[in-house]
Amino acid sequence: MTSPIKPPDGNWWDQPVNRRESIWLGLGVGWSLILFGWMSAWTRVGDQNPIGETFRIDAEDYREKLTDYKDRATETDDGLVPPDRDVYLQAMRFQWDGAPVVLETGTEYDIHLNSFDVQHGFSLRPEDALSKQINLQVLPGYEWVVPMTFDEPGTYHIICNEFCGQGHRSMHGTIVVEEG
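Definitions and limits used
Residues numbered from 1 in each chain as written. Predicted model: local features only at pLDDT ≥ 70, side-chain atom pairs only at ≥ 80, totals over all residues. Heavy atoms only, no water. Phe/Tyr/Trp six-rings, centres within 6.5 Å; stacked < 30°, edge-to-face > 60°. Helix = DSSP H or I, 4+ residues; strand = E, 2+ residues; numbered from the N terminus. Buried < 20%, exposed > 50% of the residue type's maximum accessible area, 1.4 Å probe, protein only. Lys NZ or Arg CZ within 6 Å of the ring centre and 35° of its normal. Core = buried A, V, L, I, M, F, W, Y, C linked by side-chain atoms within 4.5 Å. Contact = heavy atoms within 4.5 Å.

A. Looking closely at the packing of aromatic side chains. What the rule picks out here adds up to five aromatic pairs. Between Tyr-69 and Tyr-88, the ring centres sit 5.5 Å apart and the planes meet at 50 degrees, which makes this aromatic pair tilted. Here Tyr-88 lies in strand S4 (residues 86-92) and Tyr-69 lies in helix H2 (residues 59-72), a separation of 19 residues in the sequence. With respect to class, Tyr-69 is no different from Tyr-88; both count as buried. Judged by centre distance (5.5 Å) and plane angle (80 degrees), the rings of Trp-96 and Phe-122 are edge-to-face. With Trp-96 in strand S5 (residues 95-97) and Phe-122 in strand S8 (residues 120-126), the pair connects residues that are 26 residues apart, well separated along the chain. Joined through ring pairs, the aromatic side chains of Tyr-62, Tyr-69 and Tyr-88 make up one cluster. Sitting over the face of the ring of Phe-116, Arg-63 holds its NZ or CZ atom 5.9 Å from the ring centroid.

Right, dumping it as structure tokens:
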């Protein structure tokens, strides 16, 4: 099969490149290297990427862990106060089981996330600042343990940001952070 584009005549690869074209090529390569270096440094030093460990787990096994957590937690008017640093949340159509939760500022918590049924999104943001948020994917069959420390007291909203069905828009929960 031949190309519909007619090849140039003669030894086109031996022809010198126009100076203006060389400048644009140099600028393109230089800018690409700057962007690559910036992205590489940002992911290593920027301290914005979620960390944590992920484990394969059956939804029913996670459900047992969540039930045990809820039995050991103290229930208040604002929500569950975890018995230790571990907080268990399970996404399911169309709720966050384990929420609302009451936490303290300055304490590092391990937030355990799991989905019971389909893929969900975990978007956590303070009530008064929509620009400060973290977005994570929550998948069935996996437990994601994400360490989190809250510096500011207030109400933080948990919103599902992955479409999960007709009740998706009503899937939200809260984390109430009190002064420690």
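Moving on, there is more to tell.
B. View of unusual backbone geometry. In this structure, Phe-94 follows Arg-93 across a cis peptide bond, with omega equal to 0 degrees. Mapping Phe-94 onto the fold places it in the loop between S4 and S5. Pro-100 follows Ala-99 through a cis peptide bond whose omega is 5 degrees. Checked against the element boundaries, Pro-100 lands in the loop between S5 and strand S6 (101-104).

C. The nonpolar core, seen in detail. By size, the foremost hydrophobic cluster in this structure holds 31 residues, and its most contacted members are Phe-122 and Ile-175. The biggest single contributor to this core is S4, with four residues. Those residues in contact with Phe-122 that lie beyond four places of it in its chain are Leu-89, Trp-96, Leu-113, Ile-134, Asn-135, Leu-136, Val-138, Met-148, Ile-158, Ile-159 and Asn-161.

D. Quick look at the environment of Ala-59. Note on placement: Ala-59 falls in helix H2. Between the alpha carbons of Ala-59 and Asp-97 there is a distance of 13 Å; along the sequence they are 38 residues apart. In this structure, Ala-59 is in contact with Gln-90 and Phe-116, ignoring residues within four places of it in sequence.

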